[in-house]
Amino acid sequence: MYKKYLLLAAILFCTTVIFAQNKLNIQVKPGISIPVSFTDNKSIFKTGFTGQLAGQYYFNPESRYFANTLFSYSNNPTKAEALSMNLLALGGGMGVLFNLLPSLNMQTGLNLGWYLGMADGETTGNPFTSAFLDFNLNLSSAFSLTLGSSYDYYLTNNQGKYGDLYQGIGVFLGARITPGAKVRNADLDYQGIRFLPVFPVFHKYYNDNPLGYVNIQNKERLSLYDLDVSFYVRQYMDASKESYQIKELKAGESVEVPLYGLFNMDIMDLTESSLSTAVINVSYTWQKTAMSQEFSESLPIQNRNAMIWDDDRKAAAFVTSGDPYVLQFAKNAGGLIRESGSSPVNLSFRIAMGLFEALKDYGINYVVDPLTPYLDLSENRTAVDYLQFPRQTLTYKAGDCDDLTILYCSLLKAVGMETAFITVPGHIYMAFNPGISGEELNRSFNNRDNFILIEDEVWVPVEITRIQDGFLDAWETGARLWRENSEKDTLAFLPVDEAQKIYQPVGLRSEQLNLDFPGNEEILSSYHRAFNLFLSREIYTEEQQLIQLIKSSGGKSRYVNKLGVLYARYGLYDKATEQFEKLVPQGFPSALVNLGNISFLEGNFPEALNWFSRAAASNPDSTAILVGLARTNYEMENYTVVNRLYDKIVLVNPSAAERYGYLVMGSSSETRAESQNEFIGMVWDEVE
């Protein structure tokens, strides 16, 4: 009869293997059976041989719970001579698995069933129960060594009453196999794939900042180790970009993985939005086996001019000061202005003015984009705007406020100036840093309300949309917008250099364009016209006040001298000389010193020496006169005289001696350059 039970057990196991591959573990466990007795009667049995064939069916890959099938055989010798009992059992039950270490797990559970007991030619059949505890050392995804134990309790029926037939503890050393485990990957669930808007102009940004996320869940009952997620877009990436690494993903756990991408320049050829195939690859170790799997998803990519205004600093990516056409325009105009003559007015300020006027001559116009106006899109942080690269604006000769701001910032950065975006409700414009201190601002400019002072840095706000009205009107409008919105606290000041640390500038591919930039004469003519207008506006109020004081005081010398200094400070040397010469017959020392300064600035050193010497005759200890004489003799290479004069300056005014220390440092190229810098920082002699 026991042969029928063996056949039934074999059929049950074969059926389970066929229909439950990848969810089934089969254990073969030979061992010994040690009898125990929990009554006062000593067991009649001795240690014997036992063996188990068990199958565990997991309901799904991530479940720790399983159904258990058990077929066992044991031979139990007794203390009686030549008498032993054979137990053949078939049963089933439930169990649970616990992961202890990456390669070690524990299974425990309970089985119930029916057994056949055979001894001395007699056979009996009754219920049995068996509790088990197994430790599995996973050597691969398909094979494990098993060290286990069981407690087995066999009942006997004596006239309707059940009692103990046999109780024993089994100790096993065997193996566990998992059919089909070698041919499948771990069961992973990819949930909630979401891509953020992908903009080509920020393709460098996505190397360090996520462009999307995917949620990965481990649906297995064992942990995954060394999980590595990478992202790849075949058409626009040269290689996969590693996005995420995790040491262990436990059974049933999920993790949200950020996705990064290192795109190549091909993405900047997209002039229309498109869909591309993105591949997400996941590699990992499961049950000591390295595996990988990948899946594809459609990735929407915007056109190269697209952007959203969720962060106004993003516009900095369009500020491409290295574009060859930007460099050509900026370097040519900036160089012409630099070589057009010296002036006490800050050079960077003058170059910015000249570049603005050159754009006006070139024919750049402000045009509101009817499809993507900044006024509307800046308030909608998810709406896609269309921004032009500087090269495109130079080609089209038109743009809205963001396009013109980007172009002007690019031109000024190309000649070495810091720039910044200024945003107010519904509008963006710019400011540039001419590189002057607050002290120089007070000394060189009268209308200081039109400047912005931030942490002792001076900035010049320019409303670039006033391109056709000229630099001065654009400057005044920008300053007014700043003042109005500063009072309301409704503006933001965003330095472009700082923004580009996050949103790096991305240019367009090289191409041949026929851009007809303004000629040199046209650039210089417009610059001089704008600069002279600036000077007229800058000095007008003070000039009129001094003229009135001269009239009312009967031509008082100090007022005439002050008017001359006003003209001289702004480089109007002809007008300044006219005023100072009125005071020469009187021997007015300040006028003589100032005439010496003008001759010095014009490079006429013998004449400058004459004026300073005449002034020294009446006031030989004046710091201004001593410095003028020393500087003039230095330029004439009369170094012995310079040393004597410098010693006198040290006694009269030590701070002035420190400022002009280059005078006694020889005639090296460095000290010569320092002396040239002093042309701009001339101190005029005003008598109060």
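Since we're looking at a predicted model, the values are computed, not measured.

**Brief notes about the sheet that holds strand β9 (residues 188-195)**
- Here we have three strands laid out as an open sheet, ordered β9-β10-β13, and antiparallel in their pairing. Every interior strand has two partners, whereas the edge strands, β9 and β13 (254-259), have only one. Sheet twist, expressed as the average angle between the axes of neighbouring strands with direction ignored, equals 20°.
- Where β9 and strand β10 (residues 212-218) come together, six bridges link them in antiparallel fashion. Looking across to β10, one finds that R194 is bridged to Y213.

**Thoughts on the packing of aromatic side chains**
- Counted according to the given criterion, the structure contains 36 aromatic pairs.
- Each ring, one from Y154 and one from Y166, has its centre 6.1 Å from the other, and the planes form 50°; the classification is tilted. You can see Y154 sitting in strand β7 (residues 143-158) and its partner Y166 sitting in strand β8 (residues 161-177), a full 12 residues away along the chain.
- Judged by its relative accessible area of 3%, Y154 falls in the buried class.
- Taking the centre distance of 5.4 Å and the plane angle of 65° together, the rings of F349 and F445 count as edge-to-face. Taken together, the residues span a long stretch of sequence, with F349 in helix α3 (residues 347-362) and F445 in the loop between α7 (438-444) and β22 (452-454) at a distance of 96 residues.
- A relative accessible area of 1% places F445 in the buried class.
- Taken together, the aromatic side chains of F349, F356, Y408, F445, F451, F471, W475, Y527, F531 and F534 make up a single cluster linked through ring pairs.
- The aromatic ring of F172 is capped on one face by K29, whose charged end is 5.3 Å from the ring centroid.
- Just above the ring of Y362 sits the side chain of K397; from NZ or CZ to the centre is 4.6 Å.

**Section: the packing of helix α12 (residues 573-581) against helix α13 (residues 589-601)**
- Contact pair α12 / α13: the axes reach a minimum separation of 9 Å and the direction vectors enclose 150°. Considered as vectors, α12 and α13 are oriented roughly antiparallel to each other. Handedness of the α12/α13 crossing: left-handed. Contacts from Y573, A576, T577, F580 and E581 in α12 reach A591, N594, L595, I598 and L601 in α13.
- In terms of residue class, the contact of α12 with α13 is made up of seven nonpolar, two polar and one charged.

Reading the values: the criteria
- Residues numbered from 1 in each chain as written.
- Predicted model: local features only at pLDDT ≥ 70, side-chain atom pairs only at ≥ 80, totals over all residues.
- Heavy atoms only, no water.
- Pairing = 2+ DSSP bridges.
- Helix = DSSP H or I, 4+ residues; strand = E, 2+ residues; numbered from the N terminus.
- Axes fitted to C-alpha atoms, helices over the stretch in contact; angles between N-to-C directions.
- Phe/Tyr/Trp six-rings, centres within 6.5 Å; stacked < 30°, edge-to-face > 60°.
- Buried < 20%, exposed > 50% of the residue type's maximum accessible area, 1.4 Å probe, protein only.
- Lys NZ or Arg CZ within 6 Å of the ring centre and 35° of its normal.
- Parallel < 35°, antiparallel > 145°, perpendicular 65-115°, else oblique.
- Left-handed = near helix turned anticlockwise from the far one by under 90°.
- Contact = heavy atoms within 4.5 Å.
- Nonpolar A, V, L, I, M, F, W, Y, C, P; charged D, E, K, R; others polar.

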